[in-house]
Every structure is written in C-alpha cells, then in structure tokens.
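# Report on the structure
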Amino acid sequence: MYEQVIVKEVISKDLVKVSCSTSACTGCKSAAFCNTKGREFEATNDKRFPLESGMVVSLYLPPARTIASTLITLMVPLLGFPLFYFLSSSLGEKGATLLGFLGVAVGFVLVAIYFRHQRRRYLPSVASVIG
C-alpha cells in the first residue's frame, strides 16, 4: 500500500519524520482505522533519497507486515487471559479472573517491548520522491 506524506524532519540519512496530510487520507483504504491523522511518525529512507523538510514523498507500507503487526498487537494480550486464567484456576473463579486480566496487561507489556526492539522492521519506507 502506497501513501503520500510530507517530510517534516530528516533525522538521519536513513530515517525521516513524516506527517500525513488530510487530503491523502481521503483516498486511503485504511482511513477509518488510521490513528496517524495529523500526527508525525517515522519512516525509513532505505534508498537514501536526498530528502528535505517539506518534500512530498510516497511511502510503502507492506500489507503483510501491517497485518502481522496488528495481529501481534491484538492476539498476544488476548492469549494472555486464558493462559493466566487456567494457570491460576486453583485460586477460585475470582482470583483466576483477576489474574486473567493481569495476563492481558502482561501481554500488552510484552508487545510494547517487542515493538521497541523490532521498531525499524515495522516502519514504512520511502518509495519515491514526488515533489
């Protein structure tokens, strides 16, 4: 999936901070689910285009990685509930339920740690310079 964004800041030769314009959001297939409208986020510049602040570029968001990151974000915490619930079933229903919710929280923490270490792997990349 390709999207047009505006370069806000060049962090390094292979990393830039970009922002979606609202006009780009109207044609986007994921506009209803997007949480980056008006926000700045990072993108890789693996092809090392000579970028400057204010340039319009095209980003490539690999569909498989986008789906994988969504599944990881949602499924790991969700799997934490039954895992903690069944492991603590000897505590009774209330205790097991509370520990099940603790499993969800632990799942979110694990996901945050994972994405902190694998951050660059899931970043969109600059595909081309438009203007």
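Throughout what follows, the structure given in this document is the object of discussion. (Residues numbered from 1 in each chain as written. Predicted model: local features only at pLDDT ≥ 70, side-chain atom pairs only at ≥ 80, totals over all residues. Heavy atoms only, no water.)

### Focus on the overall build of the chain
Quick reminder of the rule: We count a stretch as a helix when DSSP gives it H or I for four or more residues in a row; a strand needs E for two or more, and each element gets its number in order from the N terminus. Exposure is judged per residue with a 1.4 Å probe applied to protein chains only, and the accessible area is read against the type maximum: over 50% gives exposed, under 20% gives buried, and values in between give partly exposed. Any two residues having at least one pair of non-hydrogen atoms within 4.5 Å are treated as being in contact. All accessible areas in this document rest on Shrake-Rupley with a 1.4 Å probe, and a residue is counted as covered only by the protein chains that are shown.
A tally of helices and strands in the chain yields three helices and five strands. Each helix and strand of the chain, ordered N terminal to C terminal, gives the series β-β-α-β-β-α-α-β. Expressed as a percentage of its 131 residues, the buried residues of the chain come to 28%. Taking as baseline every contact in the chain between residues at least 6 positions apart, the subset at least 24 positions apart corresponds to 67%. A total of about 8500 Å² of accessible surface is found on the chain, and carbon and sulfur atoms cover 64% of it.

### Observations regarding the pattern of salt bridges
Keep this limit in mind: Salt bridges are defined by distance alone: a side-chain nitrogen of Lys or Arg within 4 Å of a carboxyl oxygen of Asp or Glu.
Going through the model one piece at a time under the given rule, you end up with two salt bridges. Between aspartate 14 and arginine 120 there is a salt bridge, and its shortest N-O distance comes to 3.2 Å. Here aspartate 14, found in the loop between strand S1 (2–12) and strand S2 (15–20), pairs with arginine 120, found in the loop between helix H3 (93–117) and strand S5 (125–129); they are 106 residues apart in sequence, far enough to count as distant. Judged by relative accessible area, aspartate 14 falls into the partly exposed class, the value being 23%. For arginine 119, the salt bridge is made with glutamate 42, and the minimal N-O distance between the two is 3.1 Å. With arginine 119 in the loop between H3 and S5 and glutamate 42 in strand S3 (residues 40–44), the pair connects residues that are 77 residues apart, well separated along the chain. On the basis of relative accessible area, arginine 119 is assigned to the partly exposed category, the value being 38%.

### A short note on H3
Short version of the rule: To estimate the expected span of a helix, count its residues, drop one, and scale the result by 1.5 Å.
End to end, H3 covers 36 Å across 25 residues, agreeing with the expected 36 Å (1.5 Å per residue, within 8%). For H3, the set of buried residues is Ala96, Gly100, Gly103, Gly107, Val111 and Phe115.

### Focus: the packing of aromatic side chains
For any pair of aromatic rings, geometry is given as the distance between the ring centres together with the angle between the planes. We count it as follows: Any pair of Phe, Tyr and Trp rings, taking the six-membered ring for Trp, is counted once the centres come within 6.5 Å. Such a pair is stacked with planes under 30 degrees apart, edge-to-face with planes over 60 apart, and tilted for the rest.
Under the definition given, this model contains seven aromatic pairs. Considering the side-chain rings of tyrosine 85 and phenylalanine 86, the 5.4 Å spacing of their centres and the 85° angle between planes classify their relative orientation as edge-to-face. Relative accessible area serves as the criterion here: at 22%, tyrosine 85 is assigned to the partly exposed category. The exposed category is assigned to phenylalanine 86, whose relative accessible area is 58%. Aromatic side chains tyrosine 114 and phenylalanine 115 sit 5.3 Å apart centroid to centroid with 70° between the ring planes, which places their arrangement in the edge-to-face category. In this structure tyrosine 114 comes out as partly exposed when scored by relative accessible area, which is 28%. Residue classification places phenylalanine 115 among the buried residues on the basis of a relative accessible area of 18%.

### Topic: the pairing of S1
Here is the rule we go by: Here, a strand pair is defined by DSSP locating no fewer than two bridges between the strands.
Across five bridges, S1 lies against strand S4 (residues 56–60) in antiparallel orientation. Bridge assignment links valine 5 to a residue of S4, and that residue is valine 57. Count of turn residues in the S1/S2 antiparallel hairpin: two residues.

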